[in-house]
Amino acid sequence: MATRNITLGAHVSAAGGVQNAPVNAREIGAGAFALFTRNQRRWQAPPYNDDTVASYHTAMEENGFSRKNVLPHAGYLINLGSPDEAVREKSIGGLADEFGRTITLGLGLLNFHPGTSKGTLDEDATCRRIAAGIDEVLRTVQDNREEPALLVLENTAGQGNNMGATFEQLARIIDASSFPERLAVCVDTCHAFAAGFDIRDRTGWDSLMNDLERIVGLDRLAGIHLNDSLGELGSRKDRHRHIGEGEIGLEGFRAVMQDTRLDGLPLVLETPESERWEEEIRLLLSLAG
Ligand SMILES: [Zn+2]
Ligand SMILES: [Zn+2]
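It should be emphasised that the depicted structure is a prediction, and the values quoted were computed from it without experimental measurement. (Residues numbered from 1 in each chain as written. Chains lettered and ligands numbered in written order. Predicted model: local features only at pLDDT ≥ 70, side-chain atom pairs only at ≥ 80, totals over all residues. Heavy atoms only, no water.)

## Here we look at the packing of aromatic side chains
This model, assessed by the stated rule, comprises three aromatic pairs. Each ring, one from Phe36 and one from Tyr76, has its centre 5.6 Å from the other, and the planes form 80°; the classification is edge-to-face. Of the two residues, Phe36 sits in the loop between strand E2 (32-34) and helix H2 (50-62) while Tyr76 sits in the loop between H2 and helix H3 (85-104), which places them 40 residues apart along the sequence. Considering the side-chain rings of Phe167 and Phe197, the 5.0 Å spacing of their centres and the 35° angle between planes classify their relative orientation as tilted. (Phe/Tyr/Trp six-rings, centres within 6.5 Å; stacked < 30°, edge-to-face > 60°. Helix = DSSP H or I, 4+ residues; strand = E, 2+ residues; numbered from the N terminus.)

Encoded structure:
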C-alpha cells in the first residue's frame, strides 16, 4: 500500500500575533492549520511589523510547517456580494488587505465565504457581482512569486442566500472572474451536509467528490474543513459539532479520511472546543486506517 500524506489540523488561535499559530498547531499534533491573518471582527487592523513577519517565518520552520500546510481564513465581515455599496467597498478592501498579509507571510491560499446579495439580485447577477469584487482584489494585490497565491472560495450551508451552497454557484463565480487561474475551492463538510449533500457514508462522499470533479474540477480543491453538523441534512444551518457527535457521524468522516485524493491538502477542524482538537486529530487519523 502506498504511504499516505495526510496533513490534518485545526483553525488555531493567533492571539498575541500570527507567529503563535504554528506553535499552537504543533502543540496539538497538527500537520496543517488555519488562522485569521488579523482580527476577524474588525474592518481595520494595523499592518504587521517586520518582527512579526520574521517571527512567523521562524515559527513555521521550527514547527515543521510549509506553505502548503496553511489555509488562512478571511474575516467574517467580508461580503463581496453586499447590496450596500459601502459594505462592499470595505469588503474588497478588507479581502485585499488579508490577501496581502497572506503573501507577506509567504503563504499561498486565502479562504473566504463568497457572499450574498441578500436577495436583492438573482443568483447569476450575485455571482457576477462577487466575481467583480474578486477581480478588484486580484488587480490590487500583486504577487510576483513563481506560484502566486490563490483565493479560495468556501462552500456554504446556503443560509441567508449565501452563494456557494451548490458547486454550480462556485463554478459560476469562477467562470465570471477574469482570473480563474487564481481561484480555488474549499469544501466544509458541515456546510455541504447542511446544504443537502448526504455524506453520511462512502457512497455519499464519493458522490460529492464526483459532483465537484464534474462541476468545478478536482484540481481546484485546495482544502477541507472537517466539521460535524448540528443541523440535519439540508437544514441550511451553519452549526459545527465535534467529529462523530453530529448528524454526519463517524462513517462519513471515515470516507473522507480514506480518500487519497485529499492527500497533501490542508484538512482543518473548526469544531467548537479547542481543548478537544488533539484527541479529534488522533480519532480522524485512526479512521484513515
Ligand atoms: Zn469558513
Ligand atoms: Zn461553518
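## Brief notes about the coordination of the zinc ion (ligand 1)
The protein atoms that coordinate the zinc ion (ligand 1) are His73 (NE2), His113 (NE2) and Glu154 (OE), at distances spanning 2.1 to 2.2 Å. Taken as an interatomic distance, the gap from the zinc ion (ligand 1) to the zinc ion (ligand 2) is 5.2 Å. With His113 in the loop between strand E3 (109-112) and helix H4 (123-140) and Glu154 in strand E4 (residues 150-154), the pair connects residues that are 41 residues apart, well separated along the chain. Overall, the relative accessible area of 0% leaves Glu154 in the buried class. (Donors = N, O, S within 2.8 Å, 3.2 Å for Na, K, Ca; no water. Buried < 20%, exposed > 50% of the residue type's maximum accessible area, 1.4 Å probe, protein only.)

## Structural notes on the nonpolar core
Phe33, Ile134, Leu151 and Leu226 are the most contacted members of the largest nonpolar core, which totals 74 residues. Once residues lying within four places of it in the same chain are set aside, the contact partners of Leu151 are Leu95, Phe99, Leu110, Phe112, Ile134, Val137, Leu138, Arg182, Leu183 and Ala184. In terms of nonpolar packing, the next biggest core, distinct from the first, is built from six residues, Leu71, Val152, Ala184 and Ala222 among them. (Core = buried A, V, L, I, M, F, W, Y, C linked by side-chain atoms within 4.5 Å. Contact = heavy atoms within 4.5 Å.)

## Some points on the coordination of the zinc ion (ligand 2)
All of the protein donors around the zinc ion (ligand 2) are His191 (NE2), Asp238 (OD) and His240 (NE2); their distances to the metal are 2.0 to 2.2 Å. Counting residues between consecutive donors of the zinc ion (ligand 2) along the chain gives the motif H-x46-D-x1-H.

## Brief notes about the pairing of E4
Summarising burial for E4: four of the five residues are buried, a large majority. Pairing geometry for E3 and E4, over four bridges, is parallel. If you follow Leu109 over to E4, its bridge partner there is Leu150. One ladder, built from four bridges, connects E4 with strand E5 (residues 183-188); its direction is parallel. Within E5, the position partnered with Glu154 by the bridge is Cys186. With respect to chirality, the unit in which E4 leads through helix H5 (residues 167-176) into the neighbouring parallel E5 is right-handed. (Pairing = 2+ DSSP bridges. Right-handed = clockwise from strand over helix to strand, strands pointing away.)

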